[in-house]
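# Survey of secondary and tertiary structure
What follows is each chain in one-letter form.
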Amino acid sequence: MKIVSVVGARPQFVKSAPVGRALREAGINEVLLHTGQHYDYGMSEVFFEELGIRQPDYNLGAGSGSHAAQTAAMLTGIEDVLVKERPDGLLIYGDTNSTLAGALAAAKLGVPVAHVEAGLRSYNRAMPEEINRVVADSLSRLLFCPTQVAVDNLAREGVTGGVHIVGDVMYDAILAAFQRSNVPTFQRSNMLDRLGLASGGYLLATVHRASNTDNVDNLRGIISALSQAGEPVVFPVHPRTRKAMEVAGIEPGANLRAIEPVSYLEMLALEKHARKILTDSGGVQKEALWFGVPCVTMRTETEWVETVECGWNTLTGTDPARILAAIHAPRPAGNPPQVYGDGKASERIASLLKGAF
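Residues numbered from 1 in each chain as written. Predicted model: local features only at pLDDT ≥ 70, side-chain atom pairs only at ≥ 80, totals over all residues. Heavy atoms only, no water.

### Quick look at the overall build of the protein chain
Formally: Helix and strand definitions here come from DSSP, where helices need a minimum of 4 consecutive H or I residues and strands a minimum of 2 consecutive E residues; each element is numbered from the N-terminal end. Computation of the radius of gyration draws on C-alpha atoms alone. For the globule rule, the value is 2.2 Å times the number of residues to the power 0.38. Relative accessibility thresholds used throughout: buried, under 20% of the residue-type maximum; exposed, over 50%; partly exposed, between the two (1.4 Å probe, protein chains only). The criterion used for residue contact is that any of the two residues' heavy atoms lie within 4.5 Å. The accessible surface values rely on the Shrake-Rupley method and a 1.4 Å probe; as for residues, cover is taken only from the protein chains in view. Only four residue types enter the charge count, namely Lys and Arg as positive and Asp and Glu as negative; His and the chain termini do not. A charged residue contributes its charge at one atom only: NZ of Lys, CZ of Arg, CG of Asp or CD of Glu.
A count of helices and strands for the protein chain gives 17 helices and 13 strands. Taking 357 residues into account, the globule formula puts the C-alpha radius of gyration at 21 Å, and the protein chain, at 20 Å, falls close to it. Expressed along its principal axes, the backbone C-alpha trace of the protein chain runs to roughly 55 × 40 × 40 Å. Residues classed as buried in the protein chain amount to 59% of the 357 residues present. Considering only residue pairs separated by 6 or more positions, the protein chain has 68% of its internal contacts joining residues 24 or more positions apart. Total accessible area on the protein chain is roughly 13,900 Å²; 52% of this is exposed by carbon and sulfur atoms. Of note, the protein chain has its 33 positive side-chain charges centred 2 Å away from the centre of its 38 negative side-chain charges.

Right, dumping it as C-alpha cells:
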C-alpha cells in the first residue's frame, strides 16, 4: 500500500512526524511530498531535523506568492507526482494552500483523499484557511477529526460518510518531542538563558495570519498592545510579519524582544515557561492548553472553540485595549481539561488508512 503525504508549512511538518512513524509501523509505504510553501531553514529544514522526519521524496519549491500563483504551482507539481507514483491514497493536513492543492490534484485524478484535522470551522469565509478547509473536506473520502465539535460541523454540512474522531496529532507530536529531546530540556531551556528570562517572567507572542500581517491597522494595534504590556514580550517574528512591519514603519516597544523564528523544540520550551501566550495561530492555542498556559488569541474567532469554552483562551481581536485587558486578567483556576485526545491519534489514522485504501 502506498500513500502520498503532502506537507508544506511548519505546522504540517509537526503533524506529519508522528503520523509518518505510525504509517511505517503499519507497513504503509509513504511518499513524502514537500510543496516548499515554507522554504527557508528556520521555517522548514530545522523542523525535519528536530522531529526526525526523513527528507522528502519530492520538493516542489513552490515558494511564496499570491494564493492563486502558489496554489497553481503546487497543483502542477502534485499532479505530476501522483501520475508517476500511482498511490492508493493521498494524505493532507490542516488548512494551507498545500492542503487545498493536494486535495484538488488528487480528486481530479480519482485518487482518494484523507484529511487530517477535518471539520474545523471558524465560520469566517474572509480567512483563506477557511476556504481551504471547506474545499478539502468536501473532496475527502476519509475525514480525521480531532473532536466531536469537528464531527458536528461536518454533519451540519451534510458530510457524514468516512468521518472519524481520532484525536489531535499535535498532541502526539508534543509527547514524541518530550521523548526525543529529554524532558529536562523543557524544565529549564537554554533558550531562556540566552534571552535572559525567568520562567513565568515573560509573555510569548506570535503573529502570522494574513488578516493581521496584511492589514496595517490590525498589525499596528497588536504591536501597540504588546509594547504597552509592561513586561518582557518574546516575539519570534515570522518573515511575512517582519516585512509588513518594515513596510508600514511599525516600531516595537523596548520591552518587545523581536527575534528570528525559532525551532519546534525551542518554541515548545518558550510556550511552557511563558506567563501567557498571545497568538493568531491555531496550533499554538492548543499547545498553550496542553502546557497549562493562558492564551490570548488576537482574532475574533477560532476553529479551536474548546479552548475558549473551557476558559483558557480569550478572543480579543486586534483592539489594543482588549488585548491589554486579557494580558492583565487573572489566571484561570485549576488545570485545563485535556480535550484533544490521548496521544494515539496517529496510530488510529494509520489503521483507518490501511482498512479503507
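### Concerning the environment of Leu 143
By secondary structure assignment, the location of Leu 143 is in strand 6 (residues 142-145). Residues Leu 143 and Phe 48, spaced 95 residues apart in sequence, show a C-alpha to C-alpha distance of 25 Å. Apart from the residues lying within four places of it in its own chain, the contact partners of Leu 143 are His 115, Ala 118, Asp 137, Leu 154, Val 159, Gly 161, Gly 162, Val 163 and His 164.

### Describing the sheet that holds strand 8 (residues 203-206)
Convention followed: By the convention used here, strands pair only if DSSP detects at least 2 bridges between them. The convention used is that axes are lines fitted to C-alpha atoms, helices contributing only their stretch in contact, and that angles between N-to-C directions extend from 0 to 180 degrees.
Taken together, the six strands give an open sheet; going across it, the order is 10-9-8-11-12-13, and neighbouring strands pair in parallel fashion. Each edge of the open sheet is held by one strand with a lone partner, namely strand 10 (256-259) and strand 13 (313-315). Taking each pair of neighbouring strands and ignoring which way they run, the sheet shows an average axis angle of 20 degrees. Relative to strand 12 (residues 295-297), strand 11 (residues 276-279) runs parallel, the two being bridged by three bridges. Looking at the pairing, Ile 277 lines up with Cys 295 of strand 12. Against the sheet, helix 13 (residues 264-273) contacts strand 8, strand 9 (233-236) and strand 11, and its axis sits at roughly 135 degrees relative to strand 8.

### Focus on the pattern of salt bridges
Where side chains of opposite charge bring their charged atoms close, a pairing between them can arise. Counted only if it meets this: Salt bridge, as used here: a side-chain nitrogen of Lys or Arg that lies within 4 Å of a carboxyl oxygen of Asp or Glu.
One pass over the structure, following the stated rule, counts 18 salt bridges. Where Lys 2 meets Glu 85, a salt bridge forms, and the shortest distance between an N and an O atom there is 2.9 Å. You can see Lys 2 sitting in strand 1 (residues 2-7) and its partner Glu 85 sitting in helix 3 (residues 67-85), a full 83 residues away along the chain. Note that Arg 121 is salt-bridged to Glu 157, the shortest N-O span being 2.7 Å. One end of the pair, Arg 121, is in the loop between strand 5 (113-116) and helix 5 (128-139); the other, Glu 157, is in the loop between helix 6 (148-156) and strand 7 (163-165), and 36 residues separate them in sequence. Several salt bridges share partner residues, and in doing so they unite Asp 95, Glu 129, Glu 130, Arg 133, Arg 209, Arg 299, Glu 301 and Glu 303 into one network.

### Some words on the environment of Asp 319
Locating Asp 319 in the fold gives a position in the loop between strand 13 and helix 16 (320-328). Placed 20 residues apart in sequence, Asp 319 and Val 339 show a C-alpha to C-alpha distance of 29 Å.

### Some details on the nonpolar core
Inclusion rule: Grouping buried Ala, Val, Leu, Ile, Met, Phe, Trp, Tyr and Cys residues that are joined through side-chain atoms within 4.5 Å yields what is termed a nonpolar core.
In this structure, Leu 91, Phe 144, Tyr 264, Leu 270 and Leu 353 are the most contacted members of the largest nonpolar core, which totals 69 residues. Each residue touching Tyr 264, except ones within four places of it in the same chain, is listed here: Val 14, Phe 47, Glu 50, Leu 51, Met 170, Ala 173, Ile 174, Ala 177 and Glu 287. Counting residues in each nonpolar core, the second largest holds 23 residues, with Val 207, Leu 219, Ile 222 and Leu 256 among its members.

### Digging into empty space enclosed by the protein
Note the threshold: A 1.4 Å probe that fits but cannot get out identifies a cavity on a 1 Å grid over protein atoms alone, an open set with protein on both sides within 12 Å along at least five of seven lines counts as a pocket, and a residue lines either if it has an atom within 4 Å of a point. Grid points are joined across faces, edges and corners, and a volume is the space filled by probe spheres set on the points.
Using the criterion set out here, one finds two cavities of 30 Å³ or more in the structure. By volume, the largest cavity is sized at about 70 Å³. Of all elements in the fold, only helix 1 (10-25) and strand 2 (29-34) reach the threshold of two or more residues within the lining of the largest cavity. At five residues, helix 1 tops the list of elements feeding residues into the lining of the largest cavity.

### Quick look at the sheet that holds strand 3 (residues 58-59)
Reading across from one edge, 3-2-1-4-5-6-7 is the order of the seven strands in this open sheet, with parallel pairing throughout. In this open sheet, the two edge strands, each paired with only one partner strand, are strand 3 and strand 7. Sheet strands in contact with helix 17 (residues 345-356) are strand 1, strand 4 (89-93), strand 5, strand 6 and strand 7, and its direction is about 165 degrees off that of strand 6.

### Brief notes about the packing of helix 13 against helix 14 (residues 282-291)
Describing two packed helices takes the angle between their axes plus the distance from one axis to the other. Rules: Note that the term roughly parallel is reserved for angles under 35 degrees, roughly antiparallel for angles over 145, roughly perpendicular for angles of 65 to 115, and oblique for everything else. It is the rotation of the near helix from the far one that decides the hand of a crossing: anticlockwise by less than a right angle makes it left-handed, clockwise makes it right-handed.
Two numbers describe how helix 13 lies on helix 14: the axes approach to 9 Å, and their chain directions differ by 55 degrees. Compared by their axis directions, helix 13 and helix 14 come out oblique. In this structure, helix 13 meets helix 14 at a crossing whose hand is right-handed. For the pair formed by helix 13 and helix 14, the contact residues are Tyr 264, Met 267, Leu 268, Glu 271 and Lys 272 on the first element and Val 284, Glu 287 and Phe 291 on the second.

### Overview of helix 3
Cut-off, in case you're wondering: By this rule, a helix spans an expected 1.5 Å times one less than how many residues it contains. The arc under discussion is defined with respect to the helix axis, by the directions toward the C-beta atoms.
Here helix 3 contains 19 residues, and its C-alpha end-to-end distance of 26 Å stays within 8% of the 27 Å for a straight helix at 1.5 Å per residue. When we look at burial in helix 3, the residues that qualify are Gln 70, Thr 71, Met 74, Gly 77, Ile 78, Val 81, Leu 82 and Glu 85. One side of helix 3 holds all its buried residues, which, seen down the axis, span an arc of 140 degrees. Across helix 3 from its buried face, at more than 90 degrees, point the exposed residues Ala 68, Val 83 and Lys 84. Residues of helix 3 that are buried make contact with strand 1, strand 2, strand 3, strand 4 and helix 4 (97-109). Positive backbone phi, approximately 50 degrees, marks Arg 86, located one or two places after helix 3.

### Comments concerning the side chain of Thr 241
Relative to the assigned elements, Thr 241 resides in helix 12 (residues 239-248). Residues contacting Thr 241, with those up to four places away along its chain left out, are Val 207, His 208, Thr 213, Leu 219 and Phe 235.

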